Amino acid sequence: MMGRGLNIFLGLYVGLIFAFVFAPILFSLVFSLNSQRFPTIPLGEFTLEWYVQIWNDEDVWQAVRNSVIVSSSTAVLATFLGFCTAYSDFRYNFRFKGPYLALILLPPTIPLIIMALAMLAWLSRIGLSGQLWSIILAHSVLTAPFAMALIRLRLHQMDPDLEAAAWNLGGSEWQAMRHVIVPFCAPAIVSALCLTAAISFDEFAVSWFVSGLNKTVPIVILEIVQGNIDPTVNAIGTFVFLTSMTLVILAQVIFIGRQIKSHS
Amino acid sequence: MNIVNRRLDLYALTWRLPIILWQLVFFVGPVVFMVAMSFFVVRNYRMMEAFEFANWERMLTRGFFWDSYWYTLFVASLSATIAMCVAFPAAWALAFRASESVRRWAIFLLVIPFFTSYLVRTFSWYVILAESGVLNAMLGYIGLGPFRMLNTHFGTIVGYLTLTLPLVVILQTVSMANIDKTLVEAARNLGCKPLATIWRVVLPLSKTGFIVAALFCFILAFGDFVAPFYLGGSQEPTLPILILDTTKSGQQWPRAAVVAIMMMLTLFTIAFTAIALAYRKPKGARA
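An unreviewed UniProt entry lists chain B under the name ABC transporter permease, with Marivita lacus given as the organism. We quote the UniProt Subcellular location (unreviewed entry) comment for chain B here in full: "Cell membrane". The heading Sequence similarities (unreviewed entry) in the UniProt record of chain B holds the text "Belongs to the binding-protein-dependent transport system permease family. CysTW subfamily."

Taking an unreviewed UniProt entry as the reference, chain A is identified by name as ABC transmembrane type-1 domain-containing protein belonging to Marivita lacus. Recorded under Sequence similarities (unreviewed entry), the UniProt text for chain A is reproduced unchanged: "Belongs to the binding-protein-dependent transport system permease family. CysTW subfamily." Taken directly from UniProt, the Subcellular location (unreviewed entry) text for chain A runs: "Cell membrane".

### Examining unusual backbone geometry
With a phi angle near 60 degrees, F96(A) is a residue other than glycine that sits in the positive phi range. Look at N151(B): it is not a glycine, yet its phi comes out positive at around 55 degrees. Counting through the fold element by element, N151(B) comes out in the loop between α6 (134-141) and α7 (153-177).

### Topic: helix α4 (residues 97-105) of chain A
The set of residues buried in α4(A) consists of K97(A), Y100(A), L101(A), L103(A) and I104(A). Looking straight down α4(A), one finds that the buried residues subtend no more than 150 degrees of arc, so they occupy a single side. Against the buried residues of α4(A) lie α3 (58-91), β1 (92-93) and α6 (132-156) of chain A together with α1 (10-37) of chain B.

### Thoughts on the interface of chain A and chain B
By convention, interface size is frequently given as the accessible area that disappears when the constituent parts associate. Each partner contributes to the interface: chain A provides 93 residues, whereas chain B provides 89 residues. In total, chain A and chain B occlude about 8,700 Å² of area from one another, counting both sides; carbon and sulfur atoms represent 80% of this. Its largest share of buried area at the contact with chain B, chain A owes to F20(A), L103(A) and L117(A), together 8% of the area lost on that side. At the boundary of chain A and chain B, one finds one salt bridge. A salt bridge links R125(A) to E49(B), with the shortest nitrogen-to-oxygen separation between them at 2.9 Å. Linking chain A to chain B there are 13 residue pairs in polar contact (both at pLDDT 80 or more). In terms of residue count, helix α1 (residues 4-32) of chain A provides more of the side of chain A that touches chain B than any other element does, 16 residues in total. Split by residue class, the side of chain A that touches chain B holds 71 nonpolar, 15 polar and seven charged.

### So, the UniProt feature "transmembrane region" (unreviewed entry) in chain A
Residue and element names in this part refer to chain A. As annotated by UniProt and renumbered to match this structure, "transmembrane region" (unreviewed entry) occupies residues 12-33, 68-88, 100-124, 130-151, 180-201 and 235-256. Split by type, residues 68-88 is 100% helix and 0% strand. Its first and last C-alpha atoms lie 30 Å apart. End-to-end, the C-alpha atoms of residues 180-201 are 32 Å apart, and along that stretch the chain is 100% helix and 0% strand.

### Overview of the pattern of salt bridges
Residues and elements named next belong to chain B. Per the counting criterion, the structure on display carries 10 salt bridges over all chains. The salt bridge partner of E52 is R43, with a shortest N-O separation of 3.9 Å. Owing to a relative accessible area of 43%, R43 belongs among the partly exposed residues under this scheme.

### Quick look at the nonpolar core
Among the nonpolar cores identified, the biggest contains 182 residues, and I114(A), I236(A), M34(B), M37(B), M176(B), F225(B) and I243(B) are the most heavily contacted of them. No other element matches the 18 residues that helix α3 (residues 63-97) of chain B contributes to this core. If we ignore the near neighbours within four places in the chain, the residues touching I236(A) are I54(A), V60(A), V217(A), V220(A), I221(A) and I224(A).

Calculation criteria
- Residues numbered from 1 in each chain as written.
- Chains lettered and ligands numbered in written order.
- Predicted model: local features only at pLDDT ≥ 70, side-chain atom pairs only at ≥ 80, totals over all residues.
- Heavy atoms only, no water.
- UniProt positions renumbered as here; feature names shortened; annotations may be inferred.
- Helix = DSSP H or I, 4+ residues; strand = E, 2+ residues; numbered from the N terminus.
- Buried < 20%, exposed > 50% of the residue type's maximum accessible area, 1.4 Å probe, protein only.
- Arc of directions from axis to C-beta.
- Contact = heavy atoms within 4.5 Å.
- Buried area = accessible area lost by both parts, 1.4 Å probe.
- Salt bridge = Lys/Arg side-chain N within 4 Å of Asp/Glu carboxyl O.
- Polar contact = N/O pair within 3.5 Å; in protein donor to acceptor, adjacent residues only side chain to side chain.
- Nonpolar A, V, L, I, M, F, W, Y, C, P; charged D, E, K, R; others polar.
- Core = buried A, V, L, I, M, F, W, Y, C linked by side-chain atoms within 4.5 Å.

Laid out in structure tokens, this is it:
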């Protein structure tokens with residue numbers, strides 16, 4: 001009943017889903033190397049014109065520097081907050097645990113445009129808006145739940161007796177944390193760092209509202225898209241894509257390398 | 001787990017306190033202030049602290065607000081439903097038919113879109129779906145079209161799916177892959193038909209992940225202004241577009257706050273219901 005026909009159909013179906021997901025990314029790459037201002041099929045000539053344009057654009061360079069600072073700071077902050085909360089949830093039962101968890105899990109349920117408005121109003125009220133770190137503050141709130149979720153999922157796979165065993169063998173709580181919990185969570189921590197950095201790197205609504213004159217890459221893209229059909233967007237997008245993919249693959253390779261070492 | 005520890009020590013506080021302090025200042029603060037702001041007044045393009053209901057009255061008695069409200073609710077629900085249905089066969093295949101390494105690769109690939117700009121992908125769809133764009137040119141070769149795809153509901157939904165589909169496939173796949181396979185085999189061995197197995201064994205066991213996926217999908221679509229604006233043509237403005245417009249025209253932050261609060265109340269109602277459903281343990285199931 002569940003034979004080859006079904007397998008072939010499912011294979012094609014998964015392929016179709018991936019085609020849908022990757023079509024905009026691949027076409028963006030193709031358009032960035034295409035001479036037409038409004039790309040269609042048949043394609044125009046091969047050109048690097050759009051890359052040359054952004055390479056010579058000081059605004060783009062400044063935006064890249066800002067984005068790197070914002071997303072890396074956000075990742076560290078959010079992963080730390082997420083880890084603390086995930087561990088508290090895993091280890092302890094306490095009063096008001098519901099509200100406690102709600103406090104970290106609610107931000108993603110609030111649309112970015114609302115958070116943008118609220119953050120802008122509040123940060124200007126307490127005199128913290130219009131700075132690069134205004135974005136970092138806002139992004140840490142938005143991304144911490146994702147870090148928490150990943151690390152909590154990992155902790156869920158851990159046998160709770162493992163930590164108790166460490167205590168019974170004479171380790172303090174801090175030692176058990178350092179030698180049992182953190183190593184066990186390491187893959188989740190690395191993924192959390194990557195995921196939070198990526199979300200922050202791509203976030204434009206809140207950044208756009210609270211950053212004042214400090215532009216990050218998505219804000220530059222938003223400004224170009226609002227103007228007109230401009231293929232430099234594809235060039236920036238491709239550049240950003242390649243940069244972040246390099247980082248992700250690097251993180252992956254370092255991580256796997258370390259795992260192999262620790263096993264041998 | 002479930003170690004009841006009533007003694008509060010330094011160790012426990014180290015892990016529990018950071019998030020409380022941080023979220024109070026940078027999450028509760030902004031939200032509470034926004035609620036207060038909805039009662040402020042704007043005079044001569046300057047916002048003044050006050051306690052008046054003028055903004056609420058002005059927004060909630062207008063037809064355009066409610067048109068926008070119901071339309072946003074409708075498209076967000078529609079896109080969540082479509083995303084869940086479209087993702088399911090792929091997630092099922094990845095969870096039950098694919099090998100461990102294929103599944104890892106598929107999830108890795110599906111994470112990639114998170115590392116690309118949503119704006120750039122939207123812009124790319126804009127060019128692909130245009131009247132003289134790539135898709136219509138391709139359809140033209142086989143004698144179809146051209147179809148009008150931009151500035152339609154179709155365009156809006158394509159935009160929403162671009163945002164949500166990878167996430168939904170990942171969440172569905174992971175929650176189904178974590179199911180104890182022996183339970184599924186047991187159901188099959190006991191004579192349960194494939195579709196019934198999905199309905200009575202697989203779905204109940206992966207309920208939490210599925211509800212979370214649908215919820216995320218709904219929330220993302222409900223709050224997104226890019227897809228309805230660039231691909232849907234914003235002829236029927238969604239609530240996020242209303243907030244943008246209201247904020248920009250004459251610095252009407254308090255009125256935008258009213259729209260924002262209405263959106264939040266709606267989302268909280270839906271989210272709390274969904275989470276209550278997600279974590280309600282089915283009778284007789286293992287925790």
